[in-house]
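Residues per chain, in single letters:
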Amino acid sequence: MPLPREFHEIAERVNNWGRWGNDDEIGTLNLVTDAVVRAAAGTVRSGRRVALALPLHRDGLQTGLVPGRTNPCHTMLQINYEMFGPGTVATSDDTVTMALQAATHWDALTHVSHSGTLYNGRPADTITPHGRSRFSGIDKIPYVVSRGVLLDVARAKGAERLGGTHAVTPEDLDEAAEFGGVTVGAGDVVLVRTGQMSLLRAGDRHAYGFPSPGLSVRTPEWFHARDVAAVATDTLSFEIVPPEIDGLWLPVHALHLVEMGLLQGQNWDLEKLSTACGEERRYAFLLSAMPEPFVGATGTPVAPVAVF
């Protein structure tokens, strides 16, 4: 099914191809300047830290809904091995096999394509089995440190969790910004809380995955107008599923990653952050969310930390 005219009209309005040059591979992270980071560091007052990553383990959130996306398999390679002979210092080593988007993660700009293209107009066939992503692999992003802003859409509406059919709109984002007393600006990393993570925390992995609230196809223009550097959510799908437009799956992915070059993250645990923001009475903080530099990868696990 061809992408509808509505999609292409939005894509034209938010497109960033060539904005930072034809060779650019990091998209909106160009908006995180030294000045932005200095200002973000100024938000630190108490030193309180909040971890936003899910544990990595075999019984993780993956249920098979996304084919091939496996939970981490942790194996011990050696246990108390006296490498240099009896009575010497012993070592233990282990290994992990996992899908890079299995838990809390960033999507690289090459995670999706549409109409045969990737971000900045590069051909989708530049991703190959052995060469991996030739352009815009996650390794091209050396760091993500900026001001983080929590838009707690659920709490702004007086709810613990949005319903599974709720498409988060630009009006919802405005409401959450007003609730938090924040103004989203250039270089910010926006975290959107729907409360969906509470289902996973309660042990219902299937309900967590589908159906799910998420970002509406109308929201990319909101992020584009504010020059947001990255967006992450507390859901598996990032955007609403089932989709708003029949047959149009993952349009927000395509608009963010392909058209805008906007880094996006999923499965971020924002429950403790929501509590901390309420207690601190502020919804902006220093955010560190470093990608693991897997060369040519289309995503990476991440262990973000918010610092107040």
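For the structure itself, look to the data block above.
Description of the structure in this document. Residue numbering note: each chain is counted from 1, following its sequence as written. Residues qualify for local features only when their pLDDT is at least 70, as the model is predicted, and side-chain atom pairs are given and counted only at 80 or more; totals for whole chains, interfaces and linings, by contrast, use all residues. Side-chain numbers here rest on the full set of heavy atoms in the structure, without hydrogens or water.

1. Quick notes on unusual backbone geometry
That bond from Phe210 to Pro211 is cis: its omega, -10°, falls within 30 degrees of zero. Geometrically, the link from Val241 to Pro242 is a cis peptide bond, its omega value of 0° lying close to zero. Segments assigned H or I by DSSP are reported as helices when at least four residues long, segments assigned E as strands when at least two residues long, and all are numbered from the N terminus. For Pro242, the position within the fold is in the loop between β11 (230–233) and α8 (251–260). In the Ramachandran plot, Asn120 falls in the positive-phi region, its phi being about 65° despite a non-glycine side chain. Mapped onto the elements, Asn120 comes out in the loop between β4 (105–107) and β5 (127–128). With a phi close to 60°, Asn267 is a non-glycine residue in the positive phi region. You can see Asn267 is positioned in the loop between β12 (263–266) and α9 (271–280). Three exposure classes are used, based on accessible area relative to the maximum for each residue type with a 1.4 Å probe and protein chains only: buried under 20%, partly exposed in between, and exposed over 50%. On the accessibility criterion, Asn267 (0% relative accessible area) is buried.

2. As for α9
Those residues of α9 that fall on the buried side of the exposure criterion are Glu271, Leu273, Ser274, Ala276 and Cys277. Among the residues trailing α9, Arg281 stands out with phi positive, at a value near 60°.

3. Some thoughts on α8
Counting buried positions along α8 gives 10 out of 10 residues, so the element sits mostly inside the fold. Within α8, burial applies to Pro251, Val252, His253, Ala254, Leu255, His256, Leu257, Val258, Glu259 and Met260. The contact criterion used is simple: two residues touch if any of their non-hydrogen atoms lie within 4.5 Å. Contacts from the buried residues of α8 go to α1 (5–14), β4, β10 (214–215), α7 (219–225) and β12. In the segment just after α8, Gly261 is the residue with positive phi, at about 70°.

4. Some words on the pattern of salt bridges
Pairing is possible between side chains of opposite charge, provided their charged atoms come close. Think of a salt bridge as a Lys or Arg side-chain nitrogen and an Asp or Glu carboxyl oxygen that are within 4 Å of each other. In total, this model carries 15 salt bridges according to the counting rule given. For Arg193, the salt bridge goes to Asp152, with nearest N and O atoms at 2.8 Å. Pair noted here: Arg193 is in strand β9 (residues 189–193) and Asp152 is in strand β7 (residues 145–152), with a separation of 41 residues, a long-range link. Residue classification places Asp152 among the buried residues on the basis of a relative accessible area of 0%. Close ionic contact of Lys157 with Asp172 constitutes a salt bridge, the shortest N to O distance being 2.9 Å. Pair noted here: Lys157 is in the loop between α3 (153–156) and β8 (167–168) and Asp172 is in helix α4 (residues 170–180), with a separation of 15 residues, a long-range link. Salt bridges linked by common partners bring Arg48, Glu279 and Glu280 together as one network.

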